[in-house]
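Fold and geometry: a report
Each chain is listed here by its residues.
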Amino acid sequence: MKNAPNPRIGVVVCSCGGQIAEKVNVEVLAEKAAELEGVVKVSRVDNLCRQDLSRIKQDFQGCDRLLFAGCSERSSLTFTEDRIGALLSEMGLNKAMFEVANLREQCVWIHDGDLTGKALDMLRMAHAKLKSNLPTPDPVKIMPKSIVIGGGPAGMQAAVDLAAAGTDVVLVEKRAYLGGHFCQIPYLLQCEGWPAMCVSDCVAPVQARKVAFSPRVKILTNAEVADIARENGNFRVTITRQARFVDPERCVSCGKCAEVCPVEMQNEYEYGWTKRKAIDKEYRLAIPDTYTLDSGACTRCGECLNVCPTGAIDLDAQPEIVEDTFGTVILATGFKTLNLNTLEELNYASPNVLSSMEMERLIAARLNRPGGGEVERITFMLCGGSRSAGKEIPKGMPYCSKTCCSIAVKQANRAAALKPHAEIAMIYFGDVRTYGRAFEQFYNDAKDYVEFINGEVVRVEDADAGLKLHLVTPDGETEELETDLLVLAEALLPQGNRLIEKLKLKTDRYSYPLEVQPRILRPTESFIDRVYIAGAVTGPKMVQESIEQGSAAALRALQHGAKGEKELLKFVSEVDPERCSHCRICETVCPHGAIRMTGEGAAVDQAFCQGCGLCASACPSHAIRLRNFSNAQILDQVAVAFSEVNGDEPKILGLLCYWCSYASADLMGVNGLKIPQQNFRSVRIRCSSSVNAGLLLEIFKMGVDGIIIAGCPPKNCHHGSGNYMTAKRVMLLNTVMRQLGLSAGRLKWEYIGVPMWRDLAKAIEEMDRTLRKLGPNPFGRSL
Amino acid sequence: MSRIRIILNWGASCGGCDVSILDVGRAILDLPESVEILYWPVALDFKRQDLENLPDGSVDVGIINGAVRTAEQEEEARIFRTKCKQIVAYGSCACFGGIPGLANQFTSEELLQRAYFEAPSNVNEEGTMPQPVSGQEGFSLTLPEFLPEVRSLEQVVPVDCYVPGCPPSNSTIMELLGALGSIAAGNAAKKVLASDKALCYDCPRGKTKEAKKAATLYRPHEIIAGSEHCLLEQGIVCLGFATRGGCGARCINVNMPCRGCYGWLPAMSDPGAEAMSAIASITGEWEDYLQPPKIMEVLEAVKDAVGIFYPFSLPSAIINRKRG
Ligand SMILES: Cc1cc2nc3c(=O)[nH]c(=O)nc-3n(C[C@H](O)[C@H](O)[C@H](O)COP(=O)(O)OP(=O)(O)OC[C@H]3O[C@@H](n4cnc5c(N)ncnc54)[C@H](O)[C@@H]3O)c2cc1C
Ligand code: SF4
Ligand code: SF4
Ligand code: SF4
Ligand code: SF4
């Protein structure tokens with residue numbers, strides 16, 4: 001990276017109401033700052049964060065970048081990098097053009113004595129970096145248009161909310177109608193707080209009509225996303241839409257066509273309980289309000305053509321391909337149920353064993369089985385394939401599907417209402433998990449009419465009348481139970497796996513897409529910028545929760561759509577195609593799907609790049625560099641980091657990840673922990689994995705005696721598995737060091753989360769002790 | 001046109017490099033038309049005296065294969081440097097230290113101890129140890145001194161041109177022979193007769209890559225590798241991504257992973273560390289839910305980290321030898 005021709009640096013030295021000035025001679029600091037290359041102006045202030053910043057703006061006119069010596073840009077409660085970025089923007093400067101010497105949290109708060117020397121080094125480090133910083137590239141144009149995939153309650157809500165806020169939306173639904181599973185569940189628990197039910201015949205059309213009446217929402221039913229690719233910061237989407245044999249503009253849903261259609265087929269909406277015609281409406285209240293034709297079943301006999309009063313039918317209709325570009329994507333493809341045939345012991349092949357969704361439709365049919373058949377004894381079995389740790393996936397999922405206990409209790413409630421004399425039993429696995437106020441109340445009420453049995457169903461046999469279940473109770477006793485009907489509360493899984501893969505969303509091992517860290521603050525945000533995940537695709541949920549997520553996703557999507565552009569981060573990666581060897585390692589490691597291969601080599605779509613540096617540090621060809629975080633910039637910092645450290649003191653460098661470990665170092669100070677190791681310096685790195693083993697060796701070569709590299713604790717890396725990558729790199733490098741007779745104690749990997757500041761202090765202390773024993777690093781030149 | 005005057009020598013090497021030159025087939029017969037060989041002790045009858053007798057600076061190109069392990073090899077490299085206008089490091093050992101360089105994992109005392117006493121095949125009841133000078137019955141015999149470490153040629157004398165490979169491939173040798181004139185004239189197009197891009201760029205399997213992590217790492221004998229797909233993505237440590245191309249992917253073509261004999265890529269800081277970093281980043285499974293010890297398990301296949309990541313380059317690494 002080339003330096004700007006002549007950086008004009010302004011330095012603000014804040015004494016923090018005396019807290020810094022107490023231990024650091026700020027006058028000397030300011031004097032020395034003025035001598036640094038490119039520094040044109042130095043100002044001393046007392047309380048930068050409490051001041052009117054117009055003086056700063058005035059003082060530093062003519063500067064193109066600013067260095068702040070004061071509090072931590074990460075952990076300060078009053079003057080963080082966000083605020084600095086905003087200040088720079090107000091000054092007309094690029095928001096990447098600043099660096100901070102963290103003299104408060106990581107210097108005066110953690111050490112005693114005169115700290116002018118260390119403060120000077122920290123100032124020099126910030127300066128060494130700042131002088132070669134580059135402005136962020138121009139913002140990328142974002143299409144102010146969203147695609148919502150999946151027309152269940154989550155997707156519908158997202159579409160309606162986006163449209164209400166003025167965004168154009170395309171809603172893609174693979175079924176012929178909106179509503180997802182929601183519209184198939186006749187009685188719906190309302191929410192966890194109020195023990196009542198809604199009926200889907202009421203609420204599902206209410207929601208679907210809102211979508212249908214939103215002029216900004218374009219609904220594509222019977223449609224699927226064939227391809228979705230990132231392109232120039234946006235999503236280029238190809239949608240395939242089945243042929244529209246019935247024109248919804250003309251069809252009045254009179255049903256004459258279905259009356260004459262000779263072809264009968266299973267009605268999927270009813271889970272096969274009833275039949276439909278090849279041309280039909282799967283359920284009366286379906287929206288869009290139109291009949292549709294199943295192309296595979298239709299014999300093209302033409303009978304319907306003769307009767308349609310509006311001429312809506314065209315048997316020669318062709319499928320369509322729709323191509324469009326979107327700035328944001330909301331994935332709301334909902335759930336699918338576990339394939340119950342994998343649980344052989346449960347005899348799902350028997351007509352008397354039902355899945356939970358089949359039971360919903362049977363309840364809708366008032367428990368009248370089409371082929372007749374008694375429904376006097378009903379047994380529910382919870383955790384069908386859920387919580388089966390130890391079983392092989394997908395025969396059983398180790399997790400709790402969360403909603404099934406409450407749903408089964410609801411179904412028992414409906415069954416009892418429909419058949420007051422029915423014998424109802426519910427077999428549960430250890431406990432019944434009806435969470436929240438309302439669901440637990442349904443459970444308590446159900447104890448009056450449901451026999452709850454703790455046990456595990458090990459075999460289900462067909463019996464003369466109905467079924468015979470073999471149970472094992474927690475005491476190991478076997479029991480038998482006869483029933484007419486067994487209803488399984490089966491495990492729920494995500495739907496839309498092909499899309500999840502196409503989008504390269506990071507998932508857990510069950511293929512549920514993951515939210516990005518810190519997930520607690522970023523619900524619905526996936527690992528891919530501007531791809532939001534909402535509803536049951538993120539995990540089993542009630543309708544209300546799905547709707548909440550739909551709204552949340554819409555609001556987040558809106559922020560980008562509304563601006564029409566995406567501001568790039570201070571740190572974005574850039575590829576030099578001349579150097580790229582097409583090895584695709586960068587693409588493999590990029591957790592944010594920002595890289596794709598082209599004929600000319602790897603290409604980074606900077607609007608998706610989160611600046612983690614995983615690519616750059618893994619690229620053996622050095623074809624990728626992370627802007628404002630180059631190897632050279634790190635080495636420049638190291639070169640000046642220990643200028644004031646006495647020759648025989650060990651030089652300890654901490655490479656601390658941006659979010660967790662660096663904040664942890666700040667918290668040592670915030671919590672008043674004092675460490676004597678004034679020979680410790682830290683560099684805030686993008687992700688623990690933004691620094692590779694080659695660079696670690698270069699740092700050693702420069703004469704650093706010991707390196708602590710720290711990243712987020714397990715499962716908490718902001719970039720997926722950066723921490724694990726580094727743990728592995730360090731392990732390999734330690735092995736090499738040991739093979740070459742060097743103590744691996746010079747290089748330590750640590751998982752340091754924000755509250756683990758005591759562990760960090762201990763690691764520094766240990767390193768110091770080790771290095772004093774080992775003496776200077778034998779393969780480094782002195783700094 | 002006058003012939004190019006060349007001299008050749010070998011250092012710490014297996015001899016394969018000399019053989020590789022003889023192995024170029026017909027081309028060797030044409031060689032005397034364009035070059036005059038003034039010294040090549042392995043192939044022709046030359047003595048040290050012949051080398052010393054050459055006037056300083058009178059030779060166009062000196063080609064040295066092998067690393068520098070003994071005092072004699074060092075001395076001859078220095079003589080070559082004074083006699084020749086241009087020095088070519090031929091083969092991975094001369095270029096980077098090569099396989100003999102792996103000896104840098106041990107001190108010279110450890111090596112001698114092992115070779116003369118501990119190796120299971122040894123019978124050395126008298127405790128004989130080679131000495132630089134030994135005398136018996138009035139004779140004084142000398143042996144080249146065993147230096148404390150293996151070095152690449154450039155760590156001993158300045159090198160003008162590098163011809164990597166263990167040994168260099170036929171096409172690389174032909175390139176060298178073709179370029180001898182320009183090398184002699186000091187205006188060769190390339191300083192390193194290999195590609196500046198990684199082998200993956202030329203590899204016939206490059207196109208099969210899917211940018212997928214390898215869940216498990218296998219040592220080559222633990223798996224019968226598929227003959228179509230990228231070896232790395234099959235979980236075999238193929239160093240093609242971190243190694244200069246130019247060899248013609250000859251190992252991959254016989255279904256063996258690249259070991260890196262063409263040397264690390266020009267921009268890399270260290271020959272092995274970055275390959276190590278990349279391997280650590282793209283192997284392993286289910287990283288999100290496993291606990292750290294499980295995550296590290298994938299690396300159990302790395303039994304010899306130095307051997308895997310520095311097989312040809314240890315002397316050129318940042319940490320390049322064991323300190324006694
Ligand atoms: C048996 C049972 C009973 C339940 N009872 C209740 C209850 O009483 N109360 C309650 O609040 N909740 C209940 N739920 C939960 C409720 O069904 C879910 O919360 C809700 O359906 C989730 O909404 P969603 O939009 O996320 O997904 P879904 O309802 O699953 O909708 C997803 C939609 O996306 C479409 N889709 C999928 N993949 C694609 C693709 N690739 N392209 C285009 N479209 C696609 C699907 O066709 C579907 O229309 C019950 C669930 C079950 C299983
Ligand atoms: S890792 Fe580097 S060399 Fe490999 S494809 Fe990516 S940019 Fe190219
Ligand atoms: S810096 Fe991170 S997010 Fe950006 S392209 Fe590289 S790996 Fe992907
Ligand atoms: S990693 Fe090896 S097999 Fe794969 S493309 Fe590169 S050189 Fe070929
Ligand atoms: S594939 Fe690798 S090890 Fe094999 S010859 Fe080529 S560079 Fe050498």
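The next thing to look at is the overall build of chain B. Counting its regular elements, chain B contains 12 helices and nine strands. In terms of overall size, chain B behaves like a compact globule, its C-alpha atoms giving a radius of gyration of 22 Å where 324 residues would be expected to give roughly 20 Å. Taken along the three principal axes of its C-alpha coordinates, chain B extends 70 × 60 × 30 Å. Per-residue burial for chain B yields a buried fraction of 53% across its 324 residues. Considering only residue pairs separated by 6 or more positions, chain B has 73% of its internal contacts joining residues 24 or more positions apart. Of the roughly 14,700 Å² of accessible surface on chain B, 54% is carried by carbon and sulfur atoms.

This part takes up the interface of chain B and chain A. Tallying the contact residues gives 51 residues for chain B and 52 residues for chain A. At the boundary of chain B with chain A, the tally comes to zero salt bridges. Seen at the junction of chain B and chain A, the total is 19 residue pairs in polar contact (both at pLDDT 80 or more). Contributing elements (two or more residues each) for the side of chain B that touches chain A: α8 (199–202), α10 (273–282), α11 (292–296) and α12 (305–309) of chain B. Considering each element in turn, the side of chain B that touches chain A owes the most residues, eight residues, to α10(B). Partitioning the side of chain B that touches chain A into residue classes produces 30 nonpolar, eight polar and 13 charged.

This paragraph deals with the domain arrangement of chain B. Residues and elements named next belong to chain B. The domain boundaries assigned to chain B delineate domain 1 (4–99 + 149–184) and domain 2 (199–316). Inter-centroid distance (C-alpha atoms) of domain 1 to domain 2 is 31 Å. With 18 residues of domain 1 in contact, the opposing surface of domain 2 contributes 12 residues. When the two sides are added together, the surface that domain 1 and domain 2 hide from each other amounts to roughly 1,000 Å², 53% of it contributed by carbon and sulfur.

The subject of this paragraph is the nonpolar core. Residues A:Leu655, A:Ile699, B:Leu153, B:Phe241, B:Phe309 and B:Tyr310 are the most contacted members of the largest nonpolar core, which totals 120 residues. Broken down by element, this core gets its largest block of residues, eight residues, from helix α20 (residues 722–739) of chain A. Excluding residues within four positions of it along the chain, B:Leu153 makes contact with B:Ile64, B:Val68, B:Ala77, B:Ile87, B:Val88, B:Ala89, B:Ala94 and B:Val159. Among the nonpolar cores identified, the runner-up in size contains 41 residues, and A:Val172, A:Val537, A:Cys590 and A:Ala607 belong to it.

Between α20(A) and α10(B), the shortest axis-to-axis distance is 8 Å and the interhelical angle comes to 140°. In terms of orientation, α20(A) lies oblique with respect to α10(B). Of the two elements, α20(A) crosses α10(B), and the hand of that crossing is right-handed. Contacts between α20(A) and α10(B) involve A:Met725, A:Lys728, A:Arg729, A:Leu732, A:Leu733 and A:Val736 on the former and, on the latter, B:Met276, B:Ser277, B:Ala280 and B:Ser281. Tallied by class, the residues present in the contact of α20(A) with α10(B) amount to six nonpolar, two polar and two charged.

What follows concerns the site of ligand 3. Contacts to ligand 3 come from 14 residues, most closely from A:Cys590, A:Cys609, A:Cys612, A:Gly613 and A:Cys615. A class-by-class count of the residues in the shell around ligand 3 yields nine nonpolar, five polar and no charged.

Here we come to the sheet that holds strand β3 (residues 65–70) of chain A. Residues and elements named next belong to chain A. Taken in spatial order, the four strands of this open sheet run β2-β1-β3-β4, and their pairing is parallel. Here the strands that pair on one side only, and so sit at the sheet edges, are β2 (39–45) and β4 (98–102). In this sheet, neighbouring strand axes are inclined to one another by 15° on average, regardless of whether the strands run parallel or antiparallel. Where helix α5 (residues 116–130) meets the sheet, it contacts β1 (9–14), β2, β3 and β4, and its direction lies at approximately 165° from that of β4.

All names here are of chain A. Taken together, 37 residues sit near ligand 1, with Glu173, His181, Ala536, Lys541 and Val543 positioned nearest. One of the backbone N or O atoms of Phe335 is found 3.4 Å from an oxygen atom in ligand 1. When ligand 1 is considered free in solution it has 990 Å² of accessible area, and contact with the protein chains removes 98% of it. At the level of secondary structure, the elements contributing two or more residues to the shell around ligand 1 comprise α6 (153–164), β8 (187–191), β11 (223–231), α10 (356–364), α11 (404–418) and α14 (543–563). Here the shell around ligand 1 is composed, by residue class, of 18 nonpolar, 12 polar and seven charged.

Take the pattern of salt bridges next. Residues and elements named next belong to chain A. This model, assessed by the stated rule, comprises 58 salt bridges over all chains. For Asp59, the salt bridge identified is with Arg55, shortest N-O distance 3.3 Å. Placement of the pair is Asp59 and Arg55 together in helix α2 (residues 54–59), with a separation of four residues, close to one helical turn. Taking relative accessible area as the criterion, Asp59 reaches 22% and is therefore assigned partly exposed. Residues joined by salt bridges that share partners form a network here, namely Asp121, Arg124, Glu644 and Arg681.

With that settled, the discussion passes to the packing of aromatic side chains. Aromatic ring pairs: the centre-centre distance and the angle between the two ring planes describe each pair. According to the stated counting rule, one finds 17 aromatic pairs over all chains in the structure shown. Ring centres 5.1 Å apart and planes at 75° place the aromatic pair A:Tyr658 and A:Trp659 in the edge-to-face group. Centroid distance A:Tyr724 to A:Tyr751: 6.4 Å. Interplanar angle 70°. Geometry classified as edge-to-face. Note that A:Tyr724 is positioned in helix α20 and A:Tyr751 in strand β38 (residues 747–751), a separation of 27 residues in sequence. Using a relative accessible area of 17% as the deciding quantity, one classes A:Tyr751 as buried. Geometry around A:Trp757 places A:Arg758 over its ring, the cationic atom sitting 4.1 Å from the centre. Positioned above the aromatic ring of B:Phe146, the side-chain terminus of B:Arg69 is 4.1 Å from the ring centre.

A few words now on the pairing of strand β25 (residues 467–472) of chain A. Residue and element names in this part refer to chain A. In the sheet, strand β24 (residues 456–462) pairs with β25 via six bridges, with the strands oriented antiparallel. Among the inter-strand pairings, Glu461 is bridged to a residue of β25, identified as Lys468. Following β24, the chain reverses through four residues before pairing antiparallel with β25; Gly466 in that reversal takes a positive phi of roughly 80°. Across six bridges, the pairing between β25 and strand β26 (residues 478–483) is antiparallel. Bridging across to β26, His470 finds its partner in Glu480. The loop that links β25 with its antiparallel partner β26 comprises five residues; one of these, Gly476, has a positive phi angle of about 85°.

Of all 10 residues that make up α10(B), 10 are buried, and the element is covered over most of its length. Within α10(B) the residues assigned to the buried category are B:Ala273, B:Glu274, B:Ala275, B:Met276, B:Ser277, B:Ala278, B:Ile279, B:Ala280, B:Ser281 and B:Ile282. Close packing links the buried residues of α10(B) with α15 (585–589), α16 (614–618), α19 (693–701) and α20 of chain A together with α12 of chain B. A positive phi of about 115° marks B:Gly284, the residue just after α10(B).

How each quantity is defined
- Residues numbered from 1 in each chain as written.
- Chains lettered and ligands numbered in written order.
- Predicted model: local features only at pLDDT ≥ 70, side-chain atom pairs only at ≥ 80, totals over all residues.
- Heavy atoms only, no water.
- Helix = DSSP H or I, 4+ residues; strand = E, 2+ residues; numbered from the N terminus.
- Rg over C-alpha atoms; globule rule 2.2 N^0.38 Å.
- Buried < 20%, exposed > 50% of the residue type's maximum accessible area, 1.4 Å probe, protein only.
- Contact = heavy atoms within 4.5 Å.
- Areas by Shrake-Rupley, 256 points an atom, 1.4 Å probe, with all protein chains shown as cover.
- Salt bridge = Lys/Arg side-chain N within 4 Å of Asp/Glu carboxyl O.
- Polar contact = N/O pair within 3.5 Å; in protein donor to acceptor, adjacent residues only side chain to side chain.
- Nonpolar A, V, L, I, M, F, W, Y, C, P; charged D, E, K, R; others polar.
- Domains from an automatic or database assignment.
- Buried area = accessible area lost by both parts, 1.4 Å probe.
- Core = buried A, V, L, I, M, F, W, Y, C linked by side-chain atoms within 4.5 Å.
- Axes fitted to C-alpha atoms, helices over the stretch in contact; angles between N-to-C directions.
- Parallel < 35°, antiparallel > 145°, perpendicular 65-115°, else oblique.
- Left-handed = near helix turned anticlockwise from the far one by under 90°.
- Near = heavy atom within 4 Å.
- Pairing = 2+ DSSP bridges.
- Phe/Tyr/Trp six-rings, centres within 6.5 Å; stacked < 30°, edge-to-face > 60°.
- Lys NZ or Arg CZ within 6 Å of the ring centre and 35° of its normal.

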